[in-house]
Protein chains: 2
Amino acid sequence: MEAGGRRDAAAVCSLLFLCLGCFHVIALKPQLFRLGASPLPSETPISYETLYFDQKIDHFGFVEDGTFKQRYLVADKYWKQPGGPILFYTGNEGDIAWFCNNTGFMWEIAEELGAMLVFAEHRYYGESLPFGQDSHNDNKNLNFLTSEQALADYAVLIDNLKRTLPGAQHSPVIAIGGSYGGMLSAWLRMKYPHSVVGALASSAPIWQFSGMVPCGDFYKVVTQDFARSGYNCDGNIRKSWKAINNISSTVSGLQWMSEEFSLCAPLKNKNDVGIFKNWLQETWTNLAMVDYPYEANFLQPLPRWPIQVVCKFLSFDSAVSDYQLLQAVSQAAKVYYNYTGITSCLNTSQTATGSLGFLGWFYQACTEMAMPMCTDGVQDMFEAEDWNFQAFSDECNAMFGVRPRADWAGVVYGGKDLASHSNIIFSNGGLDPWSAGGVSYNITDSLVSILIPEGAHHLDLRYSHDLDPPSVRAARLLEVKYFREWIKQAKTNTTT
Amino acid sequence: MEAGGRRDAAAVCSLLFLCLGCFHVIALKPQLFRLGASPLPSETPISYETLYFDQKIDHFGFVEDGTFKQRYLVADKYWKQPGGPILFYTGNEGDIAWFCNNTGFMWEIAEELGAMLVFAEHRYYGESLPFGQDSHNDNKNLNFLTSEQALADYAVLIDNLKRTLPGAQHSPVIAIGGSYGGMLSAWLRMKYPHSVVGALASSAPIWQFSGMVPCGDFYKVVTQDFARSGYNCDGNIRKSWKAINNISSTVSGLQWMSEEFSLCAPLKNKNDVGIFKNWLQETWTNLAMVDYPYEANFLQPLPRWPIQVVCKFLSFDSAVSDYQLLQAVSQAAKVYYNYTGITSCLNTSQTATGSLGFLGWFYQACTEMAMPMCTDGVQDMFEAEDWNFQAFSDECNAMFGVRPRADWAGVVYGGKDLASHSNIIFSNGGLDPWSAGGVSYNITDSLVSILIPEGAHHLDLRYSHDLDPPSVRAARLLEVKYFREWIKQAKTNTTT
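Description of the structure in this document. (Residues numbered from 1 in each chain as written. Chains lettered and ligands numbered in written order. Predicted model: local features only at pLDDT ≥ 70, side-chain atom pairs only at ≥ 80, totals over all residues. Heavy atoms only, no water.)

1. Description of the overall build of chain A
Helix and strand counts for chain A come out as 17 helices and ten strands. When burial is assessed residue by residue, chain A has 61% of its 496 residues classed as buried. Once local pairs closer than 6 in sequence are excluded, the contacts in chain A between residues at least 24 apart make up 73%. Summed over all atoms, the accessible surface of chain A reaches about 17,800 Å², with 52% contributed by carbon and sulfur. (Helix = DSSP H or I, 4+ residues; strand = E, 2+ residues; numbered from the N terminus. Buried < 20%, exposed > 50% of the residue type's maximum accessible area, 1.4 Å probe, protein only. Contact = heavy atoms within 4.5 Å. Areas by Shrake-Rupley, 256 points an atom, 1.4 Å probe, with all protein chains shown as cover.)

2. Let's talk about the relation of the copies chain B and chain A
Note on the chain copies: they are related by a rotation about an axis and a translation along it. The transformation that overlays chain B on chain A combines an axial shift of 0.0 Å with a rotation of 180 degrees, and the residual RMSD is 0.0 Å. Such a turn and shift between the copies fits a two-fold axis. Minimal C-alpha separation from the rotation axis in chain B is found for B:Lys191, amounting to 2.8 Å. Interface residue correspondence from chain B to chain A reaches 98%, placing this contact among same-surface, isologous pairings. (Least-squares fit on C-alpha atoms with pLDDT ≥ 70 in both.)

3. Observations concerning the sheet that holds strand β5 (residues 173-178) of chain B
Residue and element names in this part refer to chain B. Spatial strand order, β1-β2-β4-β3-β5-β6-β9-β10: eight strands in an open sheet with mixed pairing. The sheet is open, and its two edges are formed by β1 (49-56) and β10 (447-452), each paired on a single side. Ignoring which end each strand starts from, the neighbouring axes of this sheet average 20 degrees apart. Across the sheet, helix α4 (residues 104-113) is in contact with β2 (67-75), β3 (86-90), β4 (116-120), β5 and β6 (198-202); its angle to β4 comes to roughly 150 degrees. Along the sheet face, helix α7 (residues 180-191) touches β3, β5, β6 and β9 (424-429) and points at about 150 degrees away from the line of β5. (Pairing = 2+ DSSP bridges. Axes fitted to C-alpha atoms, helices over the stretch in contact; angles between N-to-C directions.)

4. Some thoughts on the pairing of strand β10 (residues 447-452) of chain A
Residue and element names in this part refer to chain A. Of all six residues making up β10, five are buried, and the element is well covered by its neighbours. Inspection of the sheet shows strand β9 (residues 424-429) paired to β10 by six bridges, in the parallel sense. Its bridge partner being in β10, Ser427 is matched across the sheet by Ile450.

5. Some thoughts on the sheet that holds strand β3 (residues 86-90) of chain A
All names here are of chain A. Read from one edge to the other, the open sheet built from eight strands follows the order β1-β2-β4-β3-β5-β6-β9-β10, with strand pairing classed as mixed. Two strands in the sheet have a free side with no partner beyond their single neighbour: β1 (49-56) and β10. When the angles between neighbouring strand axes are averaged without regard to direction, this sheet yields 20 degrees. Here strand β2 (residues 67-75) runs beside strand β4 (residues 116-120); their pairing, made up of four bridges, is antiparallel. Following the sheet pairing, Tyr72 is matched in β4 by Ala120. Against the sheet, helix α4 (residues 104-113) touches β2, β3, β4, β5 (173-178) and β6 (198-202), its axis set at about 150 degrees to β4. Contacts from helix α6 (residues 147-164) reach β1, β2, β3, β4 and β5 within the one sheet, and its direction differs from that of β1 by about 115 degrees.

6. Considerations on the pattern of salt bridges
Going through the model one piece at a time under the given rule, you end up with 32 salt bridges over all chains. Between A:Asp54 and A:Lys69 there is a salt bridge whose closest N-O contact spans 2.9 Å. Of this pair, A:Asp54 sits in strand β1 while A:Lys69 sits in strand β2, and the two are 15 residues apart along the sequence. The residue B:Glu121 makes a salt bridge to B:Arg71 at a minimum N-O spacing of 2.7 Å. Note that B:Glu121 is positioned in the loop between β4 and α5 (139-142) and B:Arg71 in strand β2, a separation of 50 residues in sequence. B:Arg71 carries the same exposure label as B:Glu121, and that label is buried. Shared partners join several salt bridges into a network, and the residues in it are A:Arg71, A:Asp95, A:Glu121 and A:Glu127. (Salt bridge = Lys/Arg side-chain N within 4 Å of Asp/Glu carboxyl O.)

7. With respect to unusual backbone geometry
Residue and element names in this part refer to chain A. In the segment running from Gln81 into Pro82, the intervening peptide bond is cis, with an omega of 0 degrees. The backbone phi angle of Ser203 is positive, close to 50 degrees, even though this residue is not glycine. Structurally, Ser203 can be placed in the loop between β6 and α8 (217-227). The buried category is assigned to Ser203, whose relative accessible area is 1%. Even without glycine at this site, Trp305 takes up a positive phi of about 35 degrees. Within the fold, Trp305 resides in the loop between β8 (301-302) and α12 (306-312). Note on Trp305: relative accessible area 18%, which makes it buried.

8. A few points about helix α9 (residues 233-247) of chain B
Residue and element names in this part refer to chain B. Compared with the 21 Å implied by 1.5 Å per residue over 15 residues, the 20 Å span of α9 between its first and last C-alpha is a close match. For α9, the principal kink sits at Ser240 and spans about 30 degrees. Buried within α9 are the following residues: Cys233, Asp234, Gly235, Asn236, Ile237, Ser240, Trp241, Ala243, Ile244 and Ile247. Contacts from the buried residues of α9 go to α8 (217-227), α10 (251-260), α11 (270-289), α12 (306-312) and α13 (322-337). (Expected span 1.5 Å × (residues − 1). Bend = angle between axes of the 7 residues up to and from the residue.)

9. Brief notes about the packing of aromatic side chains
Two aromatic rings, taken as a pair, are described by how far apart their centres are and by the angle between their planes. Residues and elements named next belong to chain A. This structure, assessed with the given rule, holds 57 aromatic pairs over all chains. Each ring, one from Trp98 and one from Phe99, has its centre 5.2 Å from the other, and the planes form 75 degrees; the classification is edge-to-face. Ring geometry for Trp241 versus Phe382: centroids 6.0 Å apart, planes at 40 degrees, classification tilted. Here the residue Trp241 occupies a position in helix α9 (residues 233-247), and Phe382 occupies one in the loop between α14 (356-365) and α15 (389-400), the gap between them amounting to 141 residues. For the pair shown, Trp241 and Phe382 are each scored as buried. Through a chain of ring-to-ring contacts, three or more aromatic side chains come together here, namely Tyr48, Tyr89, Trp98, Phe99, Trp107, Phe119, Tyr292, Tyr294 and Phe298. (Phe/Tyr/Trp six-rings, centres within 6.5 Å; stacked < 30°, edge-to-face > 60°.)

10. With respect to the nonpolar core
Most often, soluble globular proteins have nonpolar side chains that are buried together. In this structure, A:Phe226, A:Trp284, B:Phe226 and B:Trp284 are the most contacted members of the largest nonpolar core, which totals 312 residues. Residue contacts for A:Phe226: discarding those within four places in its chain leaves A:Cys233, A:Asp234, A:Ile237, A:Trp284, A:Leu287, A:Ile307, A:Val310, A:Cys311 and A:Met381. (Core = buried A, V, L, I, M, F, W, Y, C linked by side-chain atoms within 4.5 Å.)

11. A few points about the packing of helix α10 (residues 251-260) of chain A against helix α13 (residues 322-337) of chain A
Residue and element names in this part refer to chain A. In the contact formed by α10 and α13, the axes pass within 10 Å of each other and the chain directions differ by 30 degrees. Considering the angle they form, α10 stands roughly parallel to α13. Read as a crossing pair, α10 and α13 show a hand that is right-handed. Of the residues in α13, those in contact with Gly253, Trp256, Met257 and Glu260 of α10 are Tyr323, Leu326, Gln327, Ser330 and Lys334. Here the residues of the contact of α10 with α13 sort into four nonpolar, three polar and two charged. (Parallel < 35°, antiparallel > 145°, perpendicular 65-115°, else oblique. Left-handed = near helix turned anticlockwise from the far one by under 90°. Nonpolar A, V, L, I, M, F, W, Y, C, P; charged D, E, K, R; others polar.)

12. Topic: the pairing of β6(B)
Residue and element names in this part refer to chain B. In terms of residue burial, β6 counts as a mostly covered element, since five of its five residues are buried. Neither face of β6 is left uncovered, since the one carrying Gly198, Leu200 and Ser202 and the one carrying Ala199 and Ala201 both have all their residues buried. Note that the unit made of β5, α7 and β6 has a crossover that is right-handed. Of the strand pairs in this sheet, β6 and β9 are connected by four bridges, and their pairing is parallel. From the neighbouring strand, Ser202 faces β9, where its bridge partner is Ser427. (Right-handed = clockwise from strand over helix to strand, strands pointing away.)

13. Remarks on the state of the cysteines
Residues and elements named next belong to chain A. Applying the stated rule across the entire model yields eight disulfides over all chains. One disulfide bridge connects Cys215 with Cys374, the sulfur atoms lying 2.0 Å from each other. Since a negative S-S torsion denotes a left-handed disulfide, the Cys215-Cys374 link at about 90 degrees is right-handed. Within this pair, whereas Cys215 is found in the loop between β6 and α8, its partner Cys374 is found in the loop between α14 and α15, the two being separated by 159 residues in sequence. Residue Cys215 is classed as partly exposed on the basis of its relative accessible area, which comes to 23%. Here Cys374 falls in the buried class, since its relative accessible area comes to 12%. Here Cys264 engages in a disulfide with Cys345; their sulfurs sit 2.0 Å apart. Between Cys264 and Cys345, the S-S torsion sits near 100 degrees, and that sign places the bridge as right-handed. Residue Cys264 is located in the loop between α10 and α11 (270-289), and its partner Cys345 is located in the loop between α13 and α14; the two are separated by 81 residues in the primary sequence. Its relative accessible area of 37% is what places Cys264 among the partly exposed residues. (Disulfide = S-S within 2.5 Å.)

Here is the structure:
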């Protein structure tokens, strides 16, 4: 029974694990949209037009000849036509309006570049649903949810804009994206270099695939963030898992933990405890992603340098009782979940809801985007867990009736052999766990890496802020410098 | 009735027209394989191993998770391992063994380059049938017949060879192909530059798509070939269509024509005459494709410079009777159909059989590979016919239940905007009508055009011959020079 219980917990764990690898899907859950303040600084009103484009549901087959309405947002206030550049946001796994509002960088540079802004929604997210509300019903309807189809959407849309928008025919287009959207930006330049003259791939883990980087690097970065943010902060979290196991071994312990963590649903058994631990692991991971130098509301409303705030509760020698340790962990977790003070209870199933963004990304993770992750409890602060591709594949099959293809991403996107491409900036934040799967060195003169040591997840794409560290200010300047070079190159090519 | 009759003829015409644009599918008809001498010079025995690789039926979706056996041929007699180059033939629309036997150039340079030869069969042709004998049954089974799927097959196969063949890990791979296979070579380098260090795209009309080149250029080249091969040869063919219309307007005329041309099935009505005229147009076009400087058997067993032989019958002033003119046309056509003297009758439905290669290419032409062609009867020697995309699309829909996407090839493969790619040779023959849709100038220092003025369809890929013109000898030398450069580049990249 014990072994069986372990296996069940592990199975759930692996599915939640997906969620740990789900970029900011977490942020796309409807309830989070309603939380706290607007993600936009109120002093920066933005204005755009919402448009829809008829895209083929299947670019790579002809039997399914239907179309769907792809949403895209256009802001052309500063566009200098004819020929002014187009900054094209390659939407990722969520509502494009939300990404539009969270990509202040584009809004801030539009005027100086005389650029039009276009934000294109990724198919199967937001309003861009190939089969309407049935889009995520089954694997048949989900079959056209791939990065290749999304890239083709972007290429077709760009082609159409250039052919139909007066003044856009010779406009150089620059792809910009963050996280999975950054991967799409880089891949768009690689696969459709005639569509975009260059790409900014911010915090894009294009190497977080089988055989490209060690599976444990991601959680090492998370751990380092906590280690540097408070005395023994990582050590106490590393110790907390055993404390949870100890205390949760009795009914009264389960009850105490449920109360201490103000859980909405009390822990009842080992399975619940497994979910609870994954939820905590995800909490620390999300904090690492959004460890911004100022108060912000990306995944949650949070104070500036939130890990430092969290670690204030966890900076002590580990020679405390399990109960004392978990009390501290509880206070730390509530920094993330209740900074606003209005949360009445914490919901450990929060990351396992069936919202659209989730299902879509789960499907992608179960097909092309299977990203190996593992922990060893030594170089990271988590319980040891190997990457088990077969178990993962079996879960995907049970959930969607599909199996991931471990090697496909490497074959289709080239893995580490990218030198023949050009004009891509890979920016990564030193605090961001996703930097572990990113391009961290210059591959060639025009495939360049920009490191932002004090940056969390795509900090460079956010609005500038008084508290921005110098490294991100420099990164943004350099990015614009490259944009100008690409635009100049394109103009030279057009006139010759 | 008259108008209706015209429409019927035009409808058939357009389908045959497809065939005029079917590269050497014509050569793939089983009966042609049995004709005449072996396509291989008997003094050049070649030897290869036939292997099969499990390919995913659908690389771009996950519901169809089945595999099929892709055939590929390997010759490693001269391969210098570890690290010797691999010359990878990107199979086109037919049996790979036939292409293997007709690509002597690769066999002739294997030793000097220390290269392994791999000939990969294109899905849905030869033995590489995703659904076995049912592969062409309906549009559902045909749905995975696209160039993107074929390119993915090649990339996956190359990845597998490099990972599993001892000594191949660092082997630079060069893609080589002719005609549609040449398009695939170029596109493989464009889309998967990590797979192949360069590509030779011989006689590859990558611009024979909507909006890229004038639709009439193809038949202008055919006409020029006849104009230069005998006095008034093109003029007499131009005049022949009216003569056919005149004579076929009576029952006795139909009978006379049927006998004069030794037709297997006598012409009975206007519809038959439409088919007959298309068959003749295709005959002249095929002759232009295979106007080789020596006796050869590519599409048919033919004498050296066959158009000159054909034109011997058509070199006279046009002031002859319709009957005299058609007698000459008949003798000329028989050069193509009966050079061996063993053909008892000519079959005008020859190009409309339902053989595999045909159906597969028809489907491709009806989906991605819709290539606009037109004639005006002034700059070419054919009856005037506009390109009518809608009519073509309707026929495709009636035949397969699919419709071509006119702009897709341009969006997915970049049209004329290729400058950011590298290491592709586009070779074209001046006699080859497909050169009209080919790359005829250097785009950059590493996207180069090689023109072979005296060359027909991918002459450079054929075995060398004593009667080869100097231009094709020079082309082959230059091609090998580029291969060596690419191999050197790759070795430098591997060691740095």
